[in-house]
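So you can see what is in the structure, the chains are spelled out below.
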Amino acid sequence: MTLWLVRHAHAGDRHHWSLDQDERPLSERGRTQAAEVTSLLADRGIERILSSPATRCAETVEPLADKLGLAVETTSLLYEGTSADEAMAVIDGVLSTEAVLCSHGDVIPDLLRALRRRGLESNGIGACEKGSTWELSVVNGSVVDATYHPPVG
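Calculation notes
Residues numbered from 1 in each chain as written. Predicted model: local features only at pLDDT ≥ 70, side-chain atom pairs only at ≥ 80, totals over all residues. Heavy atoms only, no water. Helix = DSSP H or I, 4+ residues; strand = E, 2+ residues; numbered from the N terminus. Buried < 20%, exposed > 50% of the residue type's maximum accessible area, 1.4 Å probe, protein only. Contact = heavy atoms within 4.5 Å. Polar contact = N/O pair within 3.5 Å; in protein donor to acceptor, adjacent residues only side chain to side chain. Axes fitted to C-alpha atoms, helices over the stretch in contact; angles between N-to-C directions. Parallel < 35°, antiparallel > 145°, perpendicular 65-115°, else oblique. Nonpolar A, V, L, I, M, F, W, Y, C, P; charged D, E, K, R; others polar. Pairing = 2+ DSSP bridges. Right-handed = clockwise from strand over helix to strand, strands pointing away. Core = buried A, V, L, I, M, F, W, Y, C linked by side-chain atoms within 4.5 Å.

K.L.:
Mind showing me how you'd approach the overall build of the protein chain here?
P.N.:
Looking only at helices and strands, one finds four helices and six strands in the protein chain. Starting at the N terminus and walking to the C terminus, you meet the elements of the protein chain as β-α-β-α-β-α-β-α-β-β. For the protein chain, buried positions account for 46% of its 153 residues. For the protein chain, long-range pairs separated by at least 24 residues make up 64% of all intrachain contacts whose partners lie at least 6 apart in sequence.

Put into structure tokens, the structure is as follows:
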């Protein structure tokens, strides 16, 4: 099994967005990155797509969901500022499913550190650029390896 952690694609500068941060959309660059995420994951047997409710996260995985005929399931447990323990509940709930989880730049590194404490082998756990993806290999219900895929666009 494989889980995919996706950091939302580029959505401009939060300091130049005067409206609710939850509604900040992807930039043109972010839409290109979302298309690249779709290209990377479209043939991976994805069964579920879960996302933070923030617009920038949902928009990152919507092209993939559309291509695969899946719904984007939103969960506040992947939202910015969520603790690693709370977000780990999402991972634990999909360990037997080919799934994509889209979240934020603070949550993903915390999740990776929590997984490392559980035995994950990986280098470069700190990397988490916008539009990047972590490929998590699951064996016997445990995440055992992680590979970082930097953003293309």
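K.L.:
I would appreciate a short explanation of unusual backbone geometry in the present structure.
P.N.:
Peptide bonds are mostly trans, and most non-glycine residues show a negative phi. Of note in the backbone geometry, Asn-140 takes a positive phi value of approximately 50° without being a glycine. You can see Asn-140 is positioned in the loop between β5 (133-139) and β6 (142-149).

K.L.:
Before we go on, may I ask you to explain the environment of Thr-60 in this structure?
P.N.:
Inspection of the secondary structure puts Thr-60 in helix α2 (residues 55-68). In the structure, Thr-60 is positioned 25 residues away from Ala-35 in sequence and 8.2 Å away in space, judged by C-alpha atoms. The contacts of Thr-60, once residues within four sequence positions are left out, are Val-6, Arg-7, His-8, Ala-9, Leu-26, Ala-34 and Cys-102.

K.L.:
Just to check I follow, could you spell out the side chain of Arg-56 for this structure?
P.N.:
Residue position: Arg-56 is located in helix α2. In this structure Arg-56 comes out as buried when scored by relative accessible area, which is 0%. Within the structure, the side chain of Arg-56 is placed 3.1 Å from the side chain of Glu-80, a separation counted as a polar contact.

K.L.:
Explain the packing of helix α3 (residues 84-93) against helix α4 (residues 107-117) here, please?
P.N.:
Any two packed helices are characterised by the angle at which their axes cross and by the distance between the axes. The contact between α3 and α4 brings their axes to 9 Å, and the two run at 75°. Relative to α4, α3 is oriented roughly perpendicular. In this structure, α3 uses Ala-84, Ala-87, Met-88 and Ile-91 to contact α4, whose residues at the interface are Val-107, Asp-110, Leu-111, Ala-114 and Leu-115. Looking at side-chain class alone, the contact of α3 with α4 contains eight nonpolar, no polar and one charged residues.

K.L.:
I keep staring at the pairing of strand β2 (residues 48-51) and nothing clicks. Help me out?
P.N.:
Looking along a regular strand, one sees the side chains alternate between the two faces of the sheet. Across four bridges, β2 lies against strand β4 (residues 99-103) in parallel orientation. If you follow Arg-48 over to β4, its bridge partner there is Ala-99. For the handedness criterion, the β-α-β arrangement of β2, α2 and strand β3 (residues 72-74) is classed as right-handed.

K.L.:
Mind showing me how you'd approach the nonpolar core here?
P.N.:
Inside soluble globular proteins, nonpolar side chains tend to come together where they are buried. Of all hydrophobic cores here, the largest spans 26 residues; its most connected members are Leu-3, Leu-5, Ile-91, Leu-101 and Leu-136. Only β1 (2-7), α3, β4, α4, β5 and β6 provide two or more residues apiece to this core. Beyond its immediate stretch of four places on either side in the chain, Leu-3 contacts Ile-91, Val-94, Leu-95, Thr-97, Ala-99, Trp-134, Glu-135, Leu-136 and Val-138. Core analysis: the second largest hydrophobic core is formed by 12 residues, Trp-4, Val-6, Val-61 and Cys-102 among them.

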